[in-house]
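What follows is the residue order along each chain.
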Amino acid sequence: MGMFGLALAFLAAVGLGVALTKWMQHRPRWMGFAAFLVMLGSIIVASVLGFPGSDLGRALFTFGLVTALTAWTVHAPRLTSVILWSLVASMFLSAALMLTLPIEFRALALWMALAVSLIWVAFQFWCYWDKHGWRVASGLIVVSMISGYIVFTTPPPA
Amino acid sequence: MDRARHLRNYDLHSWAGITLGLIVYIVCFSGSFALFDNEIKTWEDPALRVAVEETPIDMNDTFATWVQDQTGGAEAEFMRFDFPTTYAPYYYATVHWHDETDTHLDAEQRWDANKGETIAIRGGGLSEWLLDFHRDFMWPDMLGGRTVGRSLVGIVGIVLMLAILTGIIAHTKIREEAYAMRLKRSQRLKWQDSHKVVGLWGLPFYIMIAFTGAYLGIIVIVSQLIAGIAYKGDVEALVEAVLGPPSKPAGEQVQMISLDELREMQHPESGKDPYMIIMRNYGDAAAEFDVFYPAASRLTFSDVIWIDGATGEPSAPNPFREETAAMRVSNAVTPLHYGTFGGIWLKFLYFALGMSLAVVTALGSMMWIERRKHGNDGDKSLTFYNRLGHFNTGIVMGLPVATMAIFYLDKLYVGAESARIIATGWTFFAVWALGLLYACVRRDDYRTTRELLIVTGGLAIGIPVLNGLVTGQWFPAYIGAGHSVAAWVDVAMLVGGAMTVLAGYLAPAERLDKQARRAKAAAAKKAAADQEAAAVPAE
């Protein structure tokens, strides 16, 4: 699966966790519990896929880390987004743009190196501009996931 | 903009400022001194205070012998040779190679430009500290090394960009606020107006310095991260895709072109002399030299010409060296950030603007605390905000004192040259900590600010005296000499010190709230009335 696939799986797990937790706040308790189980299951699957075999310690550590991150994101979506998700999204988006934009790679790499700080600040600014904190957090996670998928499926430039 | 959004934006502005404002202040303050790295280098090392003759001594044979002695005939991976310049009036060379056990080794040497004698390498100290503390906080290896420090400085640039953006949006009446200075109102209003006026007038510079600083800081970590993502971790593949494949030796030994000849090789367009040469595959038929010239008129750090190391002919065209628009923009970042494209007066302008940014940041954090101490904001106790105020004052006012203190250490240091930089670091942090301790013990931010400003100014005024006493070179006699850079550092310290003492003298010694201001005004009025009454002769 590789480190990159692992990162994507974790992003998916956290994204799913945030969305489900937000959704279950306004649903009957049993649905909320079911959503919680799905979230837990997805994180476990991501951890096990990421560290197959006997590497249980690392899988458990990752499981704890992702769970904590999900909980923190649900609790303080703006803060986590401004500190973490904006950075993750800007990195993944920059990499995806580098691989997909029809410009010579050498020039594009330099342009993206210049642009990444602007993208990062724009995402950070969005965190407090948008009325709904959770929308920003899930938006950034979705941007990261789509960009991650593009990078994962596109071969590196020659 | 609706009120809720305005409040969120304002919150982001103040939290970005208060959480990392002090670090932004440190980076801005240290950066203002880092601008004068070359000048301070000449001031710190008396061996550099010499004028270079019209035609410096030939050095090619000395250099070739030195390389052979150092490497023992092993293939040199990287070599650099500097010609004497105004700021570095000596020849300098460095060589990197691997020995039989594949251990990486390097050596450096400098030679007198007029006599060819070797000059002892001086340990890094004052100038290195000032520059590198700004660039990477001199981040220790045990905590991840300089790359981590540099990335942190880059993040400071990002935070500054965010603070600028939210600051612009928070101030809805920019045109009115750019001229509003209510000097006769409360202390907080004075700070607030100064924060806005200075912030607004310096805005273009602050945007530029934040963007270029963020780029220079995070480029290392971002390029590795993006390489990790786009190239699945293969950083070398990314470097090769952007900069081209590295050249390989041909395995045939040939005579290299003389460095003394290259010294005379002027730039075909600017007519300037080269100042540095980077050599790859030295001694091999595939040797290639990068000849660096001071940038003539373009916004770039250097103009580079690539030549064949054996014949001196221009290298074959290489598509990776063609200057694209992206390359021109990224090459402009460093000169823009350090103000190296417009002479010493531009650097003074950068210094003033850099210091003003430090002041804006410091005022921002002072206002934040003041609002909580004497306003309706904040839910912590007064003691908490008092302590926070002392801490803030100690950090802000301790840094200038610490910066001046390392000038003194540089001249009074008596230990081994290899340990000079460590002694500089210890002195810097010890004096800074003393400043912080003083602010906490004094428990009066107004008086602490005033007193530490006067101490900073006094120390700065003493620097030319110290230089004269230790080196015997007093600036009035030295200022007209062929190499006067160090003397101008003395003059700048004298003027800057006097201005700082004056600022300290004029700074308020206590906080005047509305009642105190009224009482003071009433007392002044009464004194004037008494004086008038005394002047009228009794009938």
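Just so you know, these numbers come straight off a predicted model, no measurement behind them. (Residues numbered from 1 in each chain as written. Chains lettered and ligands numbered in written order. Predicted model: local features only at pLDDT ≥ 70, side-chain atom pairs only at ≥ 80, totals over all residues.)

Summing up its helical and strand segments, chain B has 18 helices and 7 strands in all. Taken along the three principal axes of its C-alpha coordinates, chain B extends 110 × 60 × 45 Å. The proportion of buried residues among the 539 residues of chain B is 36%. For chain B, the proportion of contacts with a sequence separation of at least 24, taken over those separated by at least 6, is 67%. (Helix = DSSP H or I, 4+ residues; strand = E, 2+ residues; numbered from the N terminus. Buried ≥ 20, exposed ≤ 12 C-beta atoms within 10 Å, placed from the backbone. Contact = placed C-beta atoms within 7 Å.)

Okay, the overall build of chain A next. On a plain count of helices and strands, chain A comes out with 6 helices and 0 strands. Mapped in sequence order, the helices and strands of chain A form the string α-α-α-α-α-α. When each of the 158 residues of chain A is scored for burial, the buried share is 41%. Of the contacts formed within chain A by residues at least 6 apart in sequence, a portion of 74% connects residues at least 24 apart.

Now for the interface of chain A and chain B. You'll often see interface size given as the accessible area lost when the parts meet. Each side of the interface is counted separately: chain A has 26 residues, and chain B has 30 residues. Of all the secondary-structure elements, those providing two or more residues to the side of chain A that touches chain B are α4 (77-100) and α5 (105-129) of chain A. The element contributing the most residues to the side of chain A that touches chain B is α5(A), with 16 residues.

On to the environment of B:Thr118, then. Residues and elements named next belong to chain B. Within the secondary structure, Thr 118 sits in strand β4 (residues 118-119). Separated by 28 residues in sequence, Thr 118 and Tyr 90 have C-alpha atoms that sit 9.4 Å apart. Ignoring anything within four residues of it in the chain, the contact list for Thr 118 reads Gln 109 and Trp 111.

Our next topic: the pairing of strand β1 (residues 76-82) of chain B. Pairing of β1(B) with strand β2 (residues 90-98) of chain B, which is carried by 6 bridges, proceeds in the antiparallel orientation. Bridge pairing links B:Met79 to B:Val95 in β2(B). (Pairing = 2+ DSSP bridges.)

Before going further, it helps to examine the sheet that holds strand β7 (residues 302-308) of chain B. All names here are of chain B. Read across the sheet, 7 strands follow the order β4-β3-β2-β1-β5-β6-β7 without closing on themselves; strand pairing throughout is antiparallel. Whereas interior strands pair on both sides, the edge strands pair on one side only; in this sheet they are β4 and β7. Its contacts with the sheet put helix α3 (residues 60-71) on β1, β2 and β3 (104-112), and the angle it makes with β2 is roughly 30 degrees. (Axes fitted to C-alpha atoms, helices over the stretch in contact; angles between N-to-C directions.)

Right, let's get into helix α4 (residues 126-136) of chain B. Structural remark: α-helix, 3.6 residues per turn; residues separated by three or four positions point the same way. Among the 11 residues in α4(B), 10 count as buried, and that is most of the element. In this structure, the buried residues of α4(B) make contact with α1 (3-34), α2 (37-44), α5 (146-170), α13 (382-412) and α14 (420-442) of chain B.

Residue and element names in this part refer to chain B. Pairing between β2 and β3: 9 bridges, direction antiparallel. Bridge pairing links His 98 to His 104 in β3. Linking two consecutive strands that pair antiparallel, namely β2 and β3, is a turn of 5 residues; a positive phi of about 65 degrees is found at Asp 102 within it. Relative to β4, β3 is paired through 2 bridges, and the arrangement is antiparallel.

For the rest of this paragraph, the subject is the packing of α13(B) against α14(B). Residues and elements named next belong to chain B. Across the interface, α13 lies against α14 with an axial gap of 7 Å and an inter-helix angle of 145 degrees. Note that α13 runs across α14; the crossing there is right-handed. Here His 390, Thr 393, Gly 394, Ile 395, Met 397, Gly 398, Leu 399, Val 401, Ala 402, Ala 405, Ile 406 and Leu 409 of α13 lie close against α14, whose contacting residues are Ala 423, Thr 424, Thr 427, Phe 428, Val 431, Trp 432, Gly 435, Leu 436, Tyr 438, Ala 439 and Cys 440. Looking at the contact of α13 with α14 residue by residue, the class counts come to 16 nonpolar, 7 polar and no charged. (Left-handed = near helix turned anticlockwise from the far one by under 90°. Nonpolar A, V, L, I, M, F, W, Y, C, P; charged D, E, K, R; others polar.)

Right, let's talk about the packing of α4(A) against helix α6 (residues 133-153) of chain A for a bit. Residue and element names in this part refer to chain A. The geometry of α4 relative to α6 is characterised by a closest axis approach of 8 Å and an angle of 25 degrees between their N-to-C directions. Our classification of the angle between α4 and α6 gives roughly parallel. The chirality of how α4 crosses α6 is left-handed. Residue composition of the contact of α4 with α6, grouped by class: 17 nonpolar, 8 polar and 1 charged. (Parallel < 35°, antiparallel > 145°, perpendicular 65-115°, else oblique.)

With that out of the way, let us pick up the environment of B:Gln109. Residues and elements named next belong to chain B. When you line up the elements, Gln 109 lands in strand β3. On the basis of neighbour counts, which here come to 20 C-beta atoms within 10 Å, the residue Gln 109 falls in the buried class. Through-space distance from the C-alpha of Gln 109 to that of Ala 402 is 31 Å; in sequence the pair is 293 residues apart. Ignoring sequence-local partners within four residues, the contact set of Gln 109 consists of Trp 66, Ala 93 and Thr 118.

Residue and element names in this part refer to chain B. Its identity as a non-glycine residue notwithstanding, Met 138 has a phi of 50 degrees, on the positive side. Among the secondary structure elements, Met 138 is positioned in the loop between α4 and α5. In this model, Asn 281 sits at a positive phi of 55 degrees, which is unusual for a non-glycine residue. Among the structural elements, Asn 281 can be located in the loop between β5 (276-280) and β6 (288-294). Residue Asn 281 is classed as buried on the basis of its C-beta count, with 22 C-beta atoms lying within 10 Å.

Moving on, we get to the confidence of the model for chain A. Here chain A shows a mean pLDDT of 78. Residues at 70 or above account for 70%. Confidence, read as mean pLDDT per element, is least for helix α2 (residues 29-50) of chain A in chain A (67) and greatest for α5(A) (89). (pLDDT = per-residue confidence, 0-100.)

With that settled, consider the confidence of the model for chain B. Considering every residue of chain B, the mean pLDDT works out to 86; 97% of them sit at 70 or more. When pLDDT is averaged over each helix and strand of chain B, the minimum, 75, is found for helix α6 (residues 174-177) of chain B and the maximum, 95, for α14(B).

So, on to helix α17 (residues 485-506) of chain B. Residue and element names in this part refer to chain B. Under the 1.5 Å per step criterion, the end-to-end length of α17 is 32 Å for 22 residues, consistent within 8% with the ideal 32 Å. What α17 keeps buried is the set Val 485, Ala 486, Ala 487, Val 489, Asp 490, Met 493, Gly 497 and Thr 500. Elements that come into contact with the buried residues of α17 comprise α2, α15 (445-471) and α16 (475-478). (Expected span 1.5 Å × (residues − 1).)

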